[in-house]
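Fold and contact review
The chain contents come next:
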Amino acid sequence: MSLTTAGKTPGPVRFYLACDHHGCTTHTTFDLVITDPGPSRDDDLWGHLLHHTDTATPHIEELGWAYLHGNGYTCPTHRVPALPSAS
């Protein structure tokens with residue numbers, strides 16, 4: 001898993017992000033304060049696990065990282081450019 005966290009919400013959460021591109025060793029760490037506690041593990045296992053990620057997604061994108069479905073997270077060096085929209 002290329003994105004892991006440490007910390008409990010509400011409060012500061014540390015994110016550890018590693019590039020999933022084959023052979024890449026790029027990684028980054030950042031902290032965010034998440035004010036919403038999110039669902040409990042008992043109420044919603046997937047929502048509980050994904051809560052931190054959903055909150056951090058805009059920040060991850062600002063750092064130039066992307067999530068590629070089936071491939072995981074890629075650093076700015078290995079990020080695939082977005083396809084142009086059809087006109």
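Rules behind the numbers
- Residues numbered from 1 in each chain as written.
- Predicted model: local features only at pLDDT ≥ 70, side-chain atom pairs only at ≥ 80, totals over all residues.
- Heavy atoms only, no water.
- 1 Å grid on protein atoms, 1.4 Å probe; cavity = no way out; pocket = protein on both sides within 12 Å on 5 of 7 lines; lining within 4 Å.
- Points joined across faces, edges and corners; volume = space filled by probe spheres on them.
- Helix = DSSP H or I, 4+ residues; strand = E, 2+ residues; numbered from the N terminus.
- Nonpolar A, V, L, I, M, F, W, Y, C, P; charged D, E, K, R; others polar.
- pLDDT = per-residue confidence, 0-100.
- Contact = heavy atoms within 4.5 Å.
- Bend = angle between axes of the 7 residues up to and from the residue.
- Buried < 20%, exposed > 50% of the residue type's maximum accessible area, 1.4 Å probe, protein only.
- Patch = residues over 30% accessible without salt bridge, like charges linked within 9 Å, V, L, I, M, F, W, Y side chains within 5 Å.
- Areas by Shrake-Rupley, 256 points an atom, 1.4 Å probe, with all protein chains shown as cover.
- Salt bridge = Lys/Arg side-chain N within 4 Å of Asp/Glu carboxyl O.
- Pairing = 2+ DSSP bridges.
- Axes fitted to C-alpha atoms, helices over the stretch in contact; angles between N-to-C directions.

Each pocket or cavity is described by its volume, and for the largest pocket that value is around 530 Å³. Taken together, 22 residues line the largest pocket, and the ones lying closest to its centre are Thr 5, His 48, Leu 49, Leu 50 and His 52. Of all elements in the fold, only strand E1 (3–6), helix H1 (45–62) and strand E5 (72–74) reach the threshold of two or more residues within the lining of the largest pocket. With seven residues, H1 is the largest single contributor of residues to the lining of the largest pocket. A per-class count over the lining of the largest pocket returns nine nonpolar, eleven polar and two charged.

Attention now goes to the confidence of the model for the chain. Looking at the chain as a whole, its pLDDT mean stands at 87, while 91% of the residues score no less than 70. In the model of the chain, H1 stands out as the element of lowest mean pLDDT, 87, in contrast to strand E3 (residues 27–34), which has the highest, 95.

Right, let's talk about the side chain of Thr 53 for a bit. For Thr 53, the location among the structural elements is in helix H1. Setting aside chain neighbours within four positions, we find Thr 53 in contact with Leu 3 and Tyr 73.

Now for H1. Ala 56 marks the point of greatest bend in H1, at about 50°, and the proline Pro 58 comes within the next four residues. For H1, the set of buried residues is His 51, His 52, Thr 53, Ala 56 and Ile 60. Packing partners of the buried residues in H1 comprise E1, strand E2 (11–18), E3 and E5. Gly 64 lies just past H1 and shows a positive phi near 90°.

Moving on, we come to a nonpolar patch on the surface. On the surface, Leu 45, Trp 46, Leu 49 and Leu 50 cluster together into a nonpolar patch covering about 420 Å² of accessible area. Leu 45 sits in the partly exposed class, given a relative accessible area of 40%.

This part takes up unusual backbone geometry. Between Thr 9 and the following residue, Pro 10, the backbone shows a cis peptide bond with an omega angle of -5°. In this fold, Pro 10 is placed in the loop between E1 and E2.

Before going further, it helps to examine the sheet that holds E2. Pairing is antiparallel in the open sheet, where three strands are placed in the order E1-E2-E3. Strands at the two margins of the open sheet, each flanked by one partner only, are E1 and E3. Taking the axes of each pair of neighbouring strands and ignoring which way they run, one obtains an average angle of 25° across the sheet. Here E1 runs beside E2; their pairing, made up of four bridges, is antiparallel. The residue of E2 that forms the bridge with Thr 5 is Phe 15.

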